[in-house]
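Each chain, written out:
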Number of protein chains: 2
Amino acid sequence: MKTAVKNMGVFYGVGVGPGDPELMTLKALTVLKAAQVIAVPRSSEPRSEGSSQALAIVKKALDLGDKDVLDLVFPMVKDKDALRRARELAASRVVERLKSGLDVAFITLGDPMLYSTFGYLAPIVKDRAPGAAVRVVPGITSFSAAASAVATPLAEASEKIIILPAAYDITEIEENLKRPFDTVVLMKVNRIFDRLLDLLCSMGLEDKAFFVARVGWPEEEIVTDLKGLRGRDLDYFSTVIVKKGARE
Amino acid sequence: MKTAVKNMGVFYGVGVGPGDPELMTLKALTVLKAAQVIAVPRSSEPRSEGSSQALAIVKKALDLGDKDVLDLVFPMVKDKDALRRARELAASRVVERLKSGLDVAFITLGDPMLYSTFGYLAPIVKDRAPGAAVRVVPGITSFSAAASAVATPLAEASEKIIILPAAYDITEIEENLKRPFDTVVLMKVNRIFDRLLDLLCSMGLEDKAFFVARVGWPEEEIVTDLKGLRGRDLDYFSTVIVKKGARE
């Protein structure tokens, strides 16, 4: 073969934080500036707007110029075969570029190690391109930014935290609110909010919780009186943080 | 009075991340560049090196020039009166500068809303200087950076997380490892590590855990075979993350 074997590119998972481009890290910016390919997860479910939000954040902080923006579709479906096929297709498109010597930066809202598609994709890419290095740049999480926005600590001293990623099952939420933990972070509460409010009221916790949606975006909403939200059509990125205070 | 009443300064809590200065956010850098006063928490306990580490990170990213570096001592003692006095003294020194119209940026390792002295200090400052605005810049947490360093997701999909700030009580750790949570983050495991290792072995979890100390510092240590750490004198900033895998 006359063509030289190119060095394999690096596959980066880059957290871009929850919304405010200023909450990107210096490292995220450095990696995104240098990478030839920006991989963007997109979903096909209309309610989930996570698909292009990471890209919207990056574009506010950085001129993408002539970078290759690689759209990777991860349908929000429960069909395991469809999910597997989507992930394998995405991985093969990433691997193709890595094998051409291009660095690929997969951007993700928040943190790539916390509820991100990157967690599924990276092992498949490593499997198909064992020579490629995988590097991860952590990002600010939505609940950290939410606590900062209200200047209310998530936890202090010996306080313990529970993080529940998706609040769909009210019984499970109740069970977890009853555990001897000081702080309970409930992500994606939009579908179940009114029932959650009933539960918090029944437990006397309605004044020990706050609601944050789309933190760092122009449409950011911070609400400390949860009752005012009853009946509202809430954003997909709605978080409730319950600070129970004294330990049980 | 002939002297004009000055505008009150802003009191910032600024997370500088766990170690690597590149993990500071763009906003942290902007705030620190603009603030006239950098408030630095220092402890008096020799083993806790948290005292000036935040400052070490900032100095790698930023020339402090002629900024006023305000050392605030928070002794690591259990005496509540001593703690209260230290916090009140620190608050009064901050308030003095805010009332002079100076912005004060209190720097903190990791995130100001997560196990930071800022959480204690801000309410006292607000109480004494009601006109001063308090703003918080979130930071990358040590456990996010730890997960990124090993490229192992903290949690995916519907996985649930427990965060325990200080692993002093092995019975409590055991209780929490038995709960139906997928990931358990154990911070500051240095004092109890050997007993934790015994516990993990007895629960068959020793291969589902990883150890990270001083992530992002030159002395960073990442260990996936925990048994090799037995008997070692470990750093104060040692974290063990247990990924139990399948939910119970």
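Residues numbered from 1 in each chain as written. Chains lettered and ligands numbered in written order. Predicted model: local features only at pLDDT ≥ 70, side-chain atom pairs only at ≥ 80, totals over all residues.

### As for the overall build of chain A
As a reminder, the rule being used: Numbering goes from the N terminus for both helices and strands, where a helix is a DSSP run of H or I of at least four residues and a strand is a run of E of at least two. Two things to know: the radius of gyration comes from C-alpha atoms, and the globule rule equals 2.2 Å times the number of residues to the power 0.38. Once C-beta atoms are placed from the backbone, each residue is buried if 20 or more other C-beta atoms lie within 10 Å of its own, exposed if 12 or fewer, and partly exposed for counts between those two. What counts as a contact here is a pair of residues whose C-beta atoms, placed from the backbone, lie within 7 Å.
The number of helices and strands found in chain A is seven helices and 10 strands. A globule of 248 residues ought to have a C-alpha radius of gyration of about 18 Å, and chain A, at 20 Å, matches this closely. With the principal axes as the frame, chain A shows a C-alpha extent of 75 × 40 × 35 Å. Counting all 248 residues of chain A, 46% fall into the buried class. Taking the intrachain contacts of chain A between residues at least 6 apart in sequence as the baseline, contacts between residues at least 24 apart amount to 73%.

### Let's talk about the relation of the copies chain A and chain B
Heads up, the rule is: The atoms used to superpose the copies are C-alpha atoms, taken from residues with pLDDT of at least 70 in both, and the fit is least squares.
The transformation that overlays chain A on chain B combines an axial shift of 0.0 Å with a rotation of 180 degrees, and the residual RMSD is 0.0 Å. Taken together, the rotation and translation describe the operation of a two-fold axis. Within chain A, the C-alpha atom positioned nearest to the axis of rotation is that of Thr25(A), 2.0 Å from it. Interface residue correspondence from chain A to chain B reaches 100%, placing this contact among same-surface, isologous pairings.

### Some details on the sheet that holds strand S1 (residues 11-15) of chain A
Residue and element names in this part refer to chain A. Here is the rule: For two strands to count as paired, DSSP must find a minimum of two bridges between them. In this analysis an axis means a line fitted to C-alpha atoms, helices contributing only their contacting stretch, and an angle means the value between N-to-C directions, from 0 to 180 degrees.
With parallel pairing, the five strands of this open sheet are ordered in space as S3-S2-S4-S1-S5. Edge positions in the open sheet fall to strand S3 (68-73) and strand S5 (134-137), since each of these has one partner strand only. The average undirected angle you get between the axes of adjacent strands in this sheet is 25 degrees. With three bridges joining them, strand S2 (residues 37-42) and strand S4 (residues 104-108) adopt parallel strand pairing.

### Considerations on the sheet that holds strand S10 (residues 238-243) of chain A
Taken in spatial order, the 10 strands line up as S9(A)-S8(A)-S10(A)-S7(A)-S6(A)-S6(B)-S7(B)-S10(B)-S8(B)-S9(B) in an open sheet, and their pairing is mixed. Strand pairing shows two members of the sheet lacking a second neighbour, strand S9 (221-223) of chain A together with strand S9 (221-223) of chain B, which therefore form its edges. Going across the sheet, the axis of each strand differs from the next one's by a mean of 15 degrees, ignoring polarity. When strand S6 (residues 161-164) of chain A meets strand S7 (residues 183-186) of chain A, the two strands line up parallel, connected through four bridges.

### Structural notes on the domain arrangement of chain A
For interface size, the figure often reported is the accessible area lost on association. Residues and elements named next belong to chain A. Rule in force here: Residue ranges assigned to the domains are those given by an automatic or database domain assignment. Lys, Arg, Asp and Glu make up the charged group, whereas Ala, Val, Leu, Ile, Met, Phe, Trp, Tyr, Cys and Pro make up the nonpolar group; the residues left over, Gly among them, are polar.
Parsing chain A into structural domains produces domain 1 (11-137) and domain 2 (142-243). Each partner contributes residues to the interface: domain 1 has 10 residues there, and domain 2 has eight residues. Taken together, the residues of the side of domain 1 that touches domain 2 sort by class into three nonpolar, four polar and three charged.

### Details of helix H7 (residues 193-202) of chain A
Residue and element names in this part refer to chain A. Put simply, the test is: The arc in question is traced by the directions running from the helix axis to the C-beta atoms.
Buried within H7 we find Phe193, Leu196, Leu197 and Leu200. Viewed end-on, H7 has its buried residues packed into an arc of 100 degrees, placing them on one side of the element. A positive phi of about 70 degrees marks Gly204, the residue just after H7.

### Thoughts on the pairing of strand S6 (residues 161-164) of chain B
Residues Ile161(B) and Ile163(B) of S6(B) are buried on one face, and the alternating residues Ile162(B) and Leu164(B), pointing to the opposite face, are buried as well. In this sheet, S6(B) lies alongside S6(A) in antiparallel orientation, the contact comprising three bridges. The residue bridging Ile161(A) from the neighbouring strand is Ile163(B), located in S6(B).

### A look at the packing of helix H6 (residues 170-178) of chain A against H7(A)
Residues and elements named next belong to chain A. This is how it is decided: Note on convention: near helix rotated counterclockwise from far helix by under a right angle means a left-handed crossing. Clockwise means right-handed.
Relative to each other, H6 and H7 sit at 30 degrees, their axes nearing to 10 Å. Our pair here, H6 against H7, has a crossing hand that is right-handed. In this structure, H6 uses Ile170, Ile173 and Glu174 to contact H7, whose residues at the interface are Arg195, Leu196 and Leu199. Of the residues assigned to the contact of H6 with H7, the class counts are four nonpolar, no polar and two charged.

### Looking at the packing of helix H3 (residues 80-99) of chain A against helix H4 (residues 118-128) of chain A
All names here are of chain A. Let me state the cut-off plainly: These descriptions rest on fixed angle ranges, namely under 35 degrees for roughly parallel, over 145 for roughly antiparallel, 65 to 115 for roughly perpendicular, and the rest for oblique.
The interhelical angle for the contact between H3 and H4, taken along N-to-C directions, is 55 degrees, at an axis separation of 9 Å. As judged from the angle between their axes, H3 and H4 are oblique. Between H3 and H4 lies a crossing whose hand is right-handed. Each of Arg87, Glu88, Ala90, Ala91, Ser92, Val94 and Val95 in H3 lies in contact with H4, whose residues at this interface are Tyr120, Leu121, Ile124, Val125 and Arg128. Across the contact of H3 with H4, the residue classes tally to eight nonpolar, one polar and three charged.

### Some words on the pairing of S1(A)
Counting buried positions over the five residues of S1(A) gives five, a clear majority of the element. Of the two faces of S1(A), the one holding Phe11(A), Gly13(A) and Gly15(A) and the one holding Tyr12(A) and Val14(A) are both buried throughout.

### Let's talk about the nonpolar core
What counts here: The term nonpolar core means buried Ala, Val, Leu, Ile, Met, Phe, Trp, Tyr and Cys residues held together as one set by C-beta atoms within 7 Å.
The biggest cluster of nonpolar side chains holds 151 residues, and the ones touching the most others in it are Ala105(A) and Ala105(B). Setting aside residues up to four positions removed in sequence, Ala105(A) forms contacts with Tyr12(A), Val14(A), Val31(A), Leu32(A), Ala35(A), Val37(A), Ile38(A) and Ala39(A).

### Here we look at unusual backbone geometry
Residues and elements named next belong to chain A. Of note, Tyr115 is a non-glycine position whose phi angle comes to about 55 degrees, a positive value. Among the secondary structure elements, Tyr115 is positioned in the loop between S4 and H4. Of note in this structure, Ala151 is not a glycine but carries a positive phi near 50 degrees. Inspection of the secondary structure assignment puts Ala151 in the loop between helix H5 (142-149) and S6. Its 19 C-beta neighbours within 10 Å are what place Ala151 among the partly exposed residues.

### Examining the environment of Val104(A)
Residues and elements named next belong to chain A. For Val104, the position within the fold is in strand S4. On the basis of neighbour counts, which here come to 25 C-beta atoms within 10 Å, the residue Val104 falls in the buried class. With 92 residues separating them in the primary sequence, Val104 and Tyr12 have C-alpha atoms 6.1 Å apart. Setting aside anything within four residues of it in sequence, one finds Val104 in contact with Gly9, Phe11, Tyr12, Ala35, Val37, Ala39, Val94, Arg97 and Leu98.

### Re the interface of chain A and chain B
Opposite the 38 residues of chain A that make contact, chain B presents 38 residues. At the level of elements, helix H1 (26-34), H4, S5, H5 and S6 of chain A are the ones that each hand at least two residues to the side of chain A that touches chain B.

### Overview of the confidence of the model for chain A
All names here are of chain A. What counts, and what does not: pLDDT is defined as a per-residue confidence score from the predictor, taking values between 0 and 100.
Averaged over chain A, the pLDDT score is 91; the fraction of residues at 70 or greater is 93%. Overall, residues 1-5 carries pLDDT values under 50, and its contacts beyond four positions in sequence, including any with other chains, amount to zero contacts. Taken together, the stretch residues 45-50 has pLDDT below 50 and engages in eight contacts with residues farther than four places along the chain or on a different chain. With pTM at 0.93, the complex prediction returns an ipTM value of 0.93.

### Concerning H4(A)
Residues and elements named next belong to chain A. When we look at burial in H4, the residues that qualify are Phe118, Gly119, Leu121, Ala122 and Val125. Take H4 and look down its axis: the buried residues cluster within an arc of 160 degrees, on one side only. The inward-facing, buried residues of H4 abut S1, H3, S4 and S5.

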